[in-house]
Each structure stands twice: as C-alpha cells, then as structure tokens.
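# Analysis of the macromolecular model
Below, each chain spelled out in residue letters.
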Amino acid sequence: MPICTSCTHITPFLYTVYNSADNLRLEQCSECHAFADPYVEHDTLTLWIDLILLKRDVYRHLLYNRGSGARILTEKGLKHGSFPAATLDAGEDAQGVIGTARRPADRWMHILKLGSALIAVDAFIRWTHLSSSLTPDGVYTDVLKWNQDAVEGFLRILVGCLVETVGFHAGVMLSSFVVLHALDWIRSAVFQKPPSRSGIRLEFRYSHIPLTIFYSSLNKLFLLFLLTIWRPASASPVTSRRPLPPQYNASNLFTNTVIVGAIEALSDDNLDREWIVRNVLGGMAAGFGLRVVLDCHPLFTTMVVLAGWAVKTALANLVFTWVGAGMAGNERVASEMWLAYSIP
C-alpha cells in the first residue's frame, strides 16, 4: 500500500486518472489533508535533483509509492486495468487500485541494476584519482602497455569497490535488523507499548535498505565526478607562483593561532576534498536516507552507518594490497592511497 509522503499515513491510492494517463487528479491524505504524493506529477530529472538535495519526501515516493497507488475512472465508472510499463508497474487489486507496489523480485533486480551502475562510476572515479596521483608524465612509451596496465588497474579497483559496497550494505542491513528488533523489544517489554505501526514500518522491507543507500550515494558520486573532471589546481612550487599581497594574506589578517591554523588546513595544499565528500558528506547522506526508511532516532541510524563503515574498513584492509598491485608506479604507495581513500 502507498503512503502519504508528508505524514506516512497509509492511503489506498495517490491519484485518479480520467480516460488518459495525462488527465489525473492528486488525492488528499485522510490524516493530514495534504496531497498524498505530489511527486507522481514530477519528471525524472526533478526526482534526481531532489535526491541529490536530500529531500525526505522524494525518498518516501521512490521507496514506497513509485509505480503504485493509481486508479482509473472512466465514463462507465471505475475501470480495472493497468497502464503501460513506462507509466506504472503492472498490477491491480479488487478495489481498482492499479499499479501496486514493486514486487520483491523486481525491487531486487532494480537494486542490482542501480548498484552495478553506481559501483562502475565509483570505480572510475577512484581509478582516475589514483592514476593521476601515481603516474608521472612520459612514463609510458608503448601505448599498448599503458592500455593493458590501465585496464588491469581499473578491473582491480572495480572488484575492490564491489567488495567494499557488499560489505558496507551487509553491515548496515545486519545492524538495522538488530536495531529495529531491539527498539521493538524495548518498546514492548520496558514501556509496555505496542511496536511502532507507522506507515513506513508497516510497509518496510529489508530490500529498502540497499536501495536507500544507493539513492543516498548519488549526491556523493555527483560531486566526486565533478571533482574528477574539474580538479583543483595542483600545488605548484612557491617560486612559480606570485605571492599574495600582504593585505590578502590570512596570516596577516588574523593573529589568533587557532584561526590561522584552521585557514591553512582549508587550503588546496592540505584539504582532501575527495575524502571529505566521500566519507563526511557520504556518511551524512546515508544516515539521512536510513533515518527516512528505518523511521527511528538519528542516534540509531548513526550507529547503523558506523557499523557498516566498520565492516567496510575491515574488508578494505584485506584487499588493499591486491588492488594496489594493479596500479602503475609504486605498488606500496598505491595500496596505501587506496586504503586512505576507502576508509573513514
């Protein structure tokens, strides 16, 4: 059953279609009286932008309402049928609600497709980062040899990303199982209250967790991809750069050592933007997405993310030597860079 994206109350349908798929009316939630799901009218680009911006309602739409909650009303009354696959997932029930929620098998297939694409993008970003940091100009004279080493390095990184992703998802799902059952037990045994029966908890499936994590990684990968294309200017020797005038030098503007140290830490020479985007922003996005799908306190979702990070870190320590062996240049340096780039 679909849910209201504002209050998570279960609603029988989200909109009514009259004669054609382009003629529809949004339905109001019986609990909060807002539109049950305004995102049914939005195009795919708007959904992706709101995912990058971490909008709570778009998570609820994609996880619980996508391809469901429609009914057709014609001149002859309520019509039982279904839209084409491009519009809705096939399915109907006895009340005429057409396009029921995505079946578990279809959801897992969607997870595999989305996960494969995002892992490939992540591997390309890491391969670009390591290759540009390790390979000096003019090291190769044979193009064929460069191609072979590049393909081997990329495949090793791809396998490393796959192992880390599977480990992170396994850690998150296992810790989510423990947290949810512990919260239900505490609620029933200690506070003598029934388990939470919100719309999200009633419709929750564990396949929603990896889907949420992949959706949450879109903003992280988007920013990392931009940093791959437009990299910050590399640090150049002091003699080749024109020094800043004294009035624009932070060391002269501030005398407090703490402020000066903070400004220097944020300089291009010291700040690792890729690491911050991947771990800080990525961790915050994953925590936000899990907060939506698990419907629990942010403290518990933080614990879930940390558990996933612990499993990911353990696996990264197991494969970093093998991954670095496929990179050109110093294999030890490549392995250490992979490990530093992978773990929080």
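The paragraphs below set out a description of the structure included in this document. This is a predicted model, so every value here is computed, not measured.

## A closer look at helix α1 (residues 44-52)
- Every buried residue of α1 is listed here: Leu47, Asp50 and Leu51. Down the axis of α1, the buried side of the element spans an arc of 105°, and every buried residue falls inside it.
- Note on α1: the residue one or two positions beyond its end, Leu54, has a positive phi of about 60°.

## Focus: the pattern of salt bridges
- Counted under the stated rule, the structure contains eight salt bridges.
- For Lys55, the salt bridge identified is with Asp50, shortest N-O distance 3.8 Å.
- Salt bridges sharing common partners tie together Asp122, Arg126 and Glu164.

## Quick look at a nonpolar patch on the surface
- Together, Val121, Phe124, Phe225, Ile229 and Trp230 line one region of the surface with nonpolar side chains, adding up to about 490 Å² of accessible area.
- Counting only elements with at least two residues in the nonpolar patch, the list comes to α3 (104-134) and α6 (208-229).
- Looking at the secondary structure, you find Val121 in helix α3.
- A relative accessible area of 32% means that Val121 is categorised as partly exposed.

## Let's talk about the packing of α6 against helix α9 (residues 273-294)
- Close contact between α6 and α9 brings their axes to 8 Å; oriented N to C, the two are set at 155°. In terms of axis orientation, α6 runs roughly antiparallel to α9. Note on packing geometry: the crossing formed by α6 with α9 is right-handed. Together, His208, Ile209, Thr212, Ile213, Ser216, Asn219, Lys220, Leu223, Leu224 and Leu227 of α6 and Arg273, Glu274, Val277, Arg278, Leu281, Gly282, Ala285, Ala286, Gly289, Leu290, Val293 and Leu294 of α9 make up the contact between the two elements.
- Here the contact of α6 with α9 is built from residues that sort into 12 nonpolar, six polar and four charged.

## Brief notes about the packing of α1 against helix α2 (residues 56-65)
- Contact pair α1 / α2: the axes reach a minimum separation of 8 Å and the direction vectors enclose 125°. In this view, α1 runs oblique relative to α2, as classed from their interaxial angle. Viewed along their axes, α1 and α2 form a crossing whose handedness is left-handed. In this structure, α1 uses Leu47, Asp50 and Leu51 to contact α2, whose residues at the interface are Val58, Tyr59, His61 and Leu62.
- Its residues placed into classes, the contact of α1 with α2 shows five nonpolar, one polar and one charged.

## Some points on unusual backbone geometry
- In this structure, Thr8 is a non-glycine residue whose phi angle is positive, near 65°.
- Relative to the helices and strands, Thr8 is located in the segment before β1 (15-18).
- In this structure Thr8 comes out as buried when scored by relative accessible area, which is 10%.

About the cut-offs
- Residues numbered from 1 in each chain as written.
- Predicted model: local features only at pLDDT ≥ 70, side-chain atom pairs only at ≥ 80, totals over all residues.
- Heavy atoms only, no water.
- Buried < 20%, exposed > 50% of the residue type's maximum accessible area, 1.4 Å probe, protein only.
- Helix = DSSP H or I, 4+ residues; strand = E, 2+ residues; numbered from the N terminus.
- Arc of directions from axis to C-beta.
- Salt bridge = Lys/Arg side-chain N within 4 Å of Asp/Glu carboxyl O.
- Patch = residues over 30% accessible without salt bridge, like charges linked within 9 Å, V, L, I, M, F, W, Y side chains within 5 Å.
- Areas by Shrake-Rupley, 256 points an atom, 1.4 Å probe, with all protein chains shown as cover.
- Axes fitted to C-alpha atoms, helices over the stretch in contact; angles between N-to-C directions.
- Parallel < 35°, antiparallel > 145°, perpendicular 65-115°, else oblique.
- Left-handed = near helix turned anticlockwise from the far one by under 90°.
- Contact = heavy atoms within 4.5 Å.
- Nonpolar A, V, L, I, M, F, W, Y, C, P; charged D, E, K, R; others polar.

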